[in-house]
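# Structural overview
Residues per chain, in single letters:
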Amino acid sequence: MGYLKFRPDKLFNGYRFLGEDNVLITHQDGTVETIVPLADAGDDVQQIAGILSPGLFNCHCHLELSHLKNVIPPHTGLIEFLCSVVTKRDFSPDIIRQEIIKAEKEMYDNGIVAIGDIGNTADTAEVKSKSKIRWQNFVEVLSFTDDKAEENFNHYKKVAAHLDAALHTAGNIHRTSLVPHAPYSISPKTFQLINESTRGQVISIHNQEHPAEDELYKTGGGEYLKLFKIFGIDRSPFPVTGKSSIRSVLPYFNNEQTILLIHNTFMAEEDVIWANQYAAAHGLKLVYCLCINANLYIENKVPPIDMLMKHNCTIVVGTDSYSSNWQLSIAKEMEAIHKHFQHIPIETILQWATSNGAKALGLEDEFGSFATGKKPGIAIIDNNLDLSRKLA
C-alpha cells in the first residue's frame, strides 16, 4: 500500500505546532503512519498551504434545528430567542430533513469528524445513519415539574431508543445519553432520573447563559417566567435555593459523569471555583464548552474565557445550532475566539478543537491527534483560522 505525504505551512499534531519542514505520512485510508523531517520523507510530498490539523470536534450542536437558519434575528437576547425557538418549530418534515442533510454535509466538508449533538427528537436519525461523522447523541430531556417527571423521562428514553436502533441497524459506532436541557427546564425528580441513568456517561447541560438563570433559583422570579407562560406555567416550578443555578443543580449528579457545561456566558468566578471543587470531590469531570459565535448572535457577548483558563478549566468548542449562528464551522469559532482574545495562542485554541474535544467525548483513542495507528481525519485550516476544509 502506498503512502500519502503532506508538508503544510504549519503542522499541528493535536497538542502543539511542530517545527518547520515536518511531513505527515499516512496510509491511503488516512491512518497515521508517522511524522518525519522533510529530509527523511522521500519523494511525492504534497505541499499544503495553511495549517494541517487532526479533524475538528464540534462538542455542541443542535443538528435538528438546522431549518431555523436565518429565521430568528441576531441580538434578540436569550429569553426572546428561547421563546422564538419554542414557537417556530412548526416546519414540514421534508424541510427539516433537507436542512439537516445540508448542515451535516457542511460540517463534514469543513473538517469536523465528531459532534456532540443535542436533540429532542429522532429527526436526525436517517442522516446520522449514513454519516461519516462520529456522533455523541445527547437526547435532551425537558420536564418542568416532578408530577410529569417519569412520563417525560420515558418519552425521551423512547426517542433515544429510536435513534439507537436507526444507527445500530446502519452499523455506526456511536453513543447516546439522556441529558438535562438546562437548570430552568428540569425538575428535581427529573434530575434524579437522569443522574441514575447516566453513570459513567458523557452528558451536557446549558449553563448560565443569562443572568435570569441565577435569579430564578435565588428568588423564584425573573425573565424566565415569560418562557414558562408559553407552557402554561404561571410561576417558577423550581425550588428557591438562594444560590446560583449551577450550585443548585450540579449536586444532583454523583455518578462519575463527564459533564459538558455549555456556554457559561454569565458564570461568576466564584461559581467556577465552587463547581471545580465539587466535581473533584464527587468523582465528576467538568468540561467547559465555548460557543462564542452563538453568544455573539444571541446576546452580543463573549464568554469569560480568560477566567476559565485562570482556573485551569478543560475547554472545548462548539457551534450551537443554525438557530443561533451564521454558519456551522469550528474554524469560524476559533477565528472568533482569536479575534476577541488575541493573547490566547492559536496553538491553545486548536488544542481545544482537537485533542480536548476527543478526550471530552471519550474518543481520544481514535481521534484528536496525529499518533501512529489513529485515523483522526485531516483538516486544512487557513492561517487566519477563518476557513477549514476536509483533506482526509
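It should be emphasised that the depicted structure is a prediction, and the values quoted were computed from it without experimental measurement.

Definitions and limits used
- Here the residue numbering is sequential within each chain, running from 1 through the sequence in written order.
- Totals for whole chains, interfaces and linings use all residues, but because this is a predicted model, local features are given only for residues with pLDDT of at least 70 and pairs of side-chain atoms are given and counted only at 80 or more.
- Excluded from the side-chain calculation are hydrogens and water; included are all heavy atoms of the structure.
- Helix and strand definitions here come from DSSP, where helices need a minimum of 4 consecutive H or I residues and strands a minimum of 2 consecutive E residues; each element is numbered from the N-terminal end.
- Radius of gyration here is computed from C-alpha atoms only, and the compact-globule reference equals 2.2 Å multiplied by the residue count raised to the power 0.38.
- When accessible area is computed with a 1.4 Å probe and restricted to protein chains, residues below 20% of their type maximum are described as buried, those above 50% as exposed, and intermediate ones as partly exposed.
- By definition in these notes, contact holds between two residues if any of their heavy atoms fall within 4.5 Å.
- Asp and Glu are treated as the negative residues and Lys and Arg as the positive ones, with His and the ends of the chain left uncounted.
- Charge positions are represented by NZ for Lys, CZ for Arg, CG for Asp and CD for Glu.
- When a carboxyl oxygen of Asp or Glu is within 4 Å of a side-chain nitrogen of Lys or Arg, the pair counts as a salt bridge.
- Two strands qualify as a pair provided DSSP detects at least 2 bridges between them.
- Note on method: axes are straight lines fitted to C-alpha atoms, helices fitted across the in-contact stretch only, with angles between N-to-C directions ranging 0 to 180 degrees.
- By definition, no residue in a patch forms a salt bridge, and every one has over 30% relative accessible area; like charges are joined within 9 Å, nonpolar side chains (Val, Leu, Ile, Met, Phe, Trp, Tyr) within 5 Å.
- Areas reported as accessible are Shrake-Rupley estimates using a 1.4 Å probe. Residue values count occlusion only from the protein chains shown.
- Each crossing is labelled by how the near helix is turned from the far one, with a counterclockwise turn of less than a right angle marking it left-handed and a clockwise turn marking it right-handed.
- Three classes are used, and their members are as follows: Ala, Val, Leu, Ile, Met, Phe, Trp, Tyr, Cys and Pro are nonpolar, Asp, Glu, Lys and Arg are charged, and the others, Gly among them, are polar.

What follows concerns the overall build of the chain. Looking only at helices and strands, the chain has 14 helices and 14 strands in total. For 392 residues, the compact-globule formula gives about 21 Å, and the C-alpha radius of gyration of the chain, at 21 Å, lands near that figure. If one aligns the C-alpha atoms of the chain with their principal axes, the spans along those axes are about 70 × 45 × 40 Å. When the 392 residues of the chain are sorted by exposure, 57% land in the buried category. Put simply, 74% of the contacts in the chain that link residues at least 6 apart link residues at least 24 apart. One finds the centroid of the 36 positive side-chain charges in the chain at a distance of 2 Å from the centroid of its 47 negative side-chain charges.

Our next topic: the pattern of salt bridges. Inspection of the entire model under this criterion finds 13 salt bridges. Between Arg97 and Glu126 there is a salt bridge, with the nearest N and O atoms lying 3.0 Å from each other. Within this pair, whereas Arg97 is found in helix α2 (residues 93-109), its partner Glu126 is found in helix α3 (residues 125-130), the two being separated by 29 residues in sequence. The exposure class of Arg97 is partly exposed, given its relative accessible area of 31%. We classify Glu126 as partly exposed; its relative accessible area is 34%. Where Lys102 meets Glu99, a salt bridge forms, and the shortest distance between an N and an O atom there is 3.0 Å. Separated by three residues within a single helix, Lys102 and Glu99 lie in helix α2, roughly one turn from each other. A relative accessible area of 52% places Lys102 in the exposed class. Several salt bridges share partner residues, and in doing so they unite Arg97, Glu126 and Lys130 into one network.

With that out of the way, let us pick up the sheet that holds strand β2 (residues 22-27). In space, the six strands of this open sheet follow the order β3-β2-β1-β4-β13-β14, with mixed pairing throughout. What marks the edges here is a single partner per strand, and that holds for β3 (32-37) and β14 (388-390). Within the sheet, the average angular offset between the axes of one strand and its neighbour, ignoring direction, is 45°. Across four bridges, the pairing between strand β1 (residues 3-11) and β2 is antiparallel.

Of all eight residues making up strand β6 (residues 112-119), eight are buried, and the element is well covered by its neighbours. By the bridge criterion, four bridges tie strand β5 (residues 56-61) to β6 in an arrangement that is parallel. Considered in β6, the bridge of Asn58 is made with Ile115.

Phi angles above zero are rare outside glycine, and Asp44 is one such case at about 60°. Mapping Asp44 onto the fold places it in the loop between β3 and β4 (45-54). Under the relative-accessibility criterion, Asp44 is labelled exposed at 69%. A positive phi angle is found at His263, which is not glycine, with a value near 85°. As for its position among the elements, His263 is in strand β10 (residues 258-263). With a relative accessible area of 0%, His263 lands in the buried category.

A grouping of Val86, Ile230 and Phe231 is seen on the molecular surface, where their side chains present a nonpolar patch of about 230 Å² in accessible area. Considering the arrangement of structural elements, one finds Phe231 in the loop between α7 (224-230) and α8 (245-249). A residue is classified by how much of its surface remains accessible, and Phe231, at 39% relative accessible area, is partly exposed.

What follows deals with the sheet that holds strand β8 (residues 175-180). Taking strand neighbours across the sheet as the criterion, the four strands line up as β5-β6-β7-β8 in an open arrangement whose pairing is parallel. The strands lining the two open edges of the sheet, one partner per strand, are β5 and β8. Across this sheet, the average inter-strand angle for adjacent strands is 15°, counted without regard to direction. Its contacts with the sheet place helix α5 (residues 188-197) against β7 (134-141) and β8, and it is angled at close to 155° to β8. Each of β5 and β6 touches helix α12 (residues 330-340); the most contacted strand, β5, lies at about 85° to it.

This brings us to the pairing of β1. Across six bridges, β1 lies against β4 in parallel orientation. By the bridge assignment, Pro8 is partnered in β4 with Ile48.

What follows deals with the side chain of Asn207. Among the secondary structure elements, Asn207 is positioned in strand β9 (residues 202-207). The buried category is assigned to Asn207, whose relative accessible area is 1%. Apart from residues lying up to four places away in sequence, Asn207 is in contact with Glu213, Ser245, Ile246, Leu261, Ile262, His263, Asn264, Thr265 and Met267.

All right, on to the packing of α12 against helix α13 (residues 346-353) then. Where α12 meets α13, the axes come as close as 10 Å, and the angle between the chain directions of the two elements is 145°. Seen along the crossing, α12 lies across α13 with a hand that is right-handed. Across the interface between the two elements, Ile330, Met334, Ile337 and His338 from α12 touch Ile346, Ile349, Leu350, Trp352 and Ala353 from α13. Class assignment for the residues of the contact of α12 with α13 results in eight nonpolar, one polar and no charged.

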